[in-house]
Amino acid sequence: MPNEPLIRWSWVTNHLGDIAAALGQHVELTLIAIVVGLVIAVTLALVAHRYRWAEAPITWITGVIYTIPSLALFVLLIPVTGLSTTTSEVGLIGYTLLILIRNILAGLDGVPADVLEAADAMGLTRLQRLVRVEIPIALPVIVAGIRIATVTTIGLVTVTALIGQGGLGQLMLSGFISLFPTEIYVGAILSIALAVAADAGLLLAQRALTPWARTRSRA
Amino acid sequence: MALIAQVVAWFADPAHWSGADGIPIRTVEHLEASALSVLVAAAIALPVGLLVGHTGRGAFVVSSVANLGRALPSFALLLMLIPIAVDLSLDFSTWPILGAMVLLAIPPMITNAHAGIRAVDRSLVEAAQGMGMSGPQVLLRVELPLALPVLLTGVRLAAVQVVATYTLGAVAGGGGLGRYIYDGFARQDTPRMIAGAVLVALLAILTDATFGVVARRTTPKDARAGNRGQAKAVAGAVPEPGV
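Student: Which residues make up the overall build of chain B, and what values do they have?
Tutor: Counting its secondary structure elements, chain B contains 10 helices and zero strands. Reading chain B from its N terminus to its C terminus gives the helix and strand order α-α-α-α-α-α-α-α-α-α. Principal axes of the C-alpha set define a box for chain B whose edges measure 70 × 45 × 25 Å. Expressed as a percentage of its 243 residues, the buried residues of chain B come to 50%. The contacts of chain B with a sequence gap of at least 6 include a subset with a gap of at least 24, amounting to 73%. On chain B, roughly 10700 Å² of surface is accessible, and the fraction owed to carbon and sulfur atoms is 68%.

Student: An account of the pattern of salt bridges is needed here, citing residue identities and associated values.
Tutor: Where charged atoms of side chains with opposite charge meet at close range, the side chains can pair. As enumerated under the stated definition, the model contains 14 salt bridges over all chains in all. Measuring nitrogen to oxygen at the nearest pair gives 3.1 Å for the salt bridge that ties R129(A) to D120(A). Looking at R129(A), the relative accessible area reads 13%, which means it is buried. On the basis of relative accessibility, which here comes to 40%, the residue D120(A) falls in the partly exposed class. Residue R122(B) is joined to E143(B) by a salt bridge in which the shortest nitrogen-to-oxygen separation is 3.6 Å.

Student: Please provide a residue-by-residue account of a nonpolar patch on the surface, values included.
Tutor: Side chains of V27(A), L31(A), I32(A), V35(A), V36(A), V39(A) and I40(A) sit close together on the surface and give an oily, nonpolar patch of about 530 Å² of accessible area. Summarising the element assignment, V35(A) is placed in helix α2 (residues 16-50).

Student: Pulling in residues and values, what's your account of the interface of chain B and chain A?
Tutor: Of the residues lining the interface, 41 residues belong to chain B; the matching set on chain A comes to 40 residues. The interface formed by chain B and chain A contains zero salt bridges. The tally of links from chain B across to chain A stands at one residue pair in polar contact (both at pLDDT 80 or more). For the side of chain B that touches chain A, the secondary-structure elements that each account for two or more residues are α3 (59-71), α4 (74-87), α7 (135-169), α8 (178-186), α9 (190-218) and α10 (224-235) of chain B. The class makeup of the residues in the side of chain B that touches chain A is 33 nonpolar, three polar and five charged.

Cut-off values and rules
Residues numbered from 1 in each chain as written. Chains lettered and ligands numbered in written order. Predicted model: local features only at pLDDT ≥ 70, side-chain atom pairs only at ≥ 80, totals over all residues. Heavy atoms only, no water. Helix = DSSP H or I, 4+ residues; strand = E, 2+ residues; numbered from the N terminus. Buried < 20%, exposed > 50% of the residue type's maximum accessible area, 1.4 Å probe, protein only. Contact = heavy atoms within 4.5 Å. Areas by Shrake-Rupley, 256 points an atom, 1.4 Å probe, with all protein chains shown as cover. Salt bridge = Lys/Arg side-chain N within 4 Å of Asp/Glu carboxyl O. Patch = residues over 30% accessible without salt bridge, like charges linked within 9 Å, V, L, I, M, F, W, Y side chains within 5 Å. Polar contact = N/O pair within 3.5 Å; in protein donor to acceptor, adjacent residues only side chain to side chain. Nonpolar A, V, L, I, M, F, W, Y, C, P; charged D, E, K, R; others polar.

Structure below.
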């Protein structure tokens, strides 16, 4: 690709529709993974919080999943779920679990014991204590986990281009196959911008939700 | 079930254990490229992380590198480096993937080297200074040994990440175990593709386990309980999992 600029702007203006569609698919794949991952992670974290013996197997299994390289994990799922969105989502969700569970547990473990005692003394049931006291106090640490999981997932979605999905990754892959740098750079820059924007958006949301935790939210 | 038998048969075929495309050579390729990348990245990241931790100056460098590393997906980085390699007339099946591996191995090591030093009890540093140790002596004889477990956690994260990233290099024509995945996919040879994925997953898990053992060996027994908490906290700075 000699003399080809890294970004050919005329291509960008002519393909705004395609770019928007790829971005939309990227956001959709990420959102589904984070929402479903969060539901599973909250469930498993609450189990581990209630029954301490469950913490080791849960973190061990999610840790092994986290260690498996993404391309390998997606490929191992192909015989089960085919070249489908399901394959991408199962893999993406798998990667969110360790990060989310670790932060939810760290958040819950960080609630001071005297606060718990005060809640018990006020006659709160276990569920009331969890929902009204423990989760709000743990929220900054939990959101920190959601931020890492979201940024990670946005990066991993690009890899799913190799198994037929990929959002912006699809754009990048097509740019590589046709040796056209513009497509690679538009896809890559937008995926990085999406990660940065999602990270900042979640941080702002967390600050709005927990105004009392301003000092701790830097974590 | 038939597929599992086919994958087992693929592994049992002696032809897949010899030659340039055999499992031993592909594994060595994978390990060589990974080790080289980690070494180059360590030579850059560890001195910076240790110095910033020791002097307490330039902490923003560490946090920006960490944030950048987290936002930069390995696949995007690999593909972005390809047009640049082509412009520079470099072989695009080797240099972009090595570049991506080095760049992605830097953030976890710089972050953990810095965090390890900052976590050292300040009273120990003051005691060492009071004994008349010079700055470099304090760093090498007091801070570094105490920071070692956290620092090695960073090396471990970088190594696992690099092993995973090299898999993607096969897309651009590189070697290593990713070749089986990519070739299997391209030729619709599912047993080869699955065997490749199994090998890559095993290599990543073994890399992680090996560094885990090394980390445990280098941690003094009485410090293990405390360091486990540290490693957990620092692991929050981990960027991508295996990509």
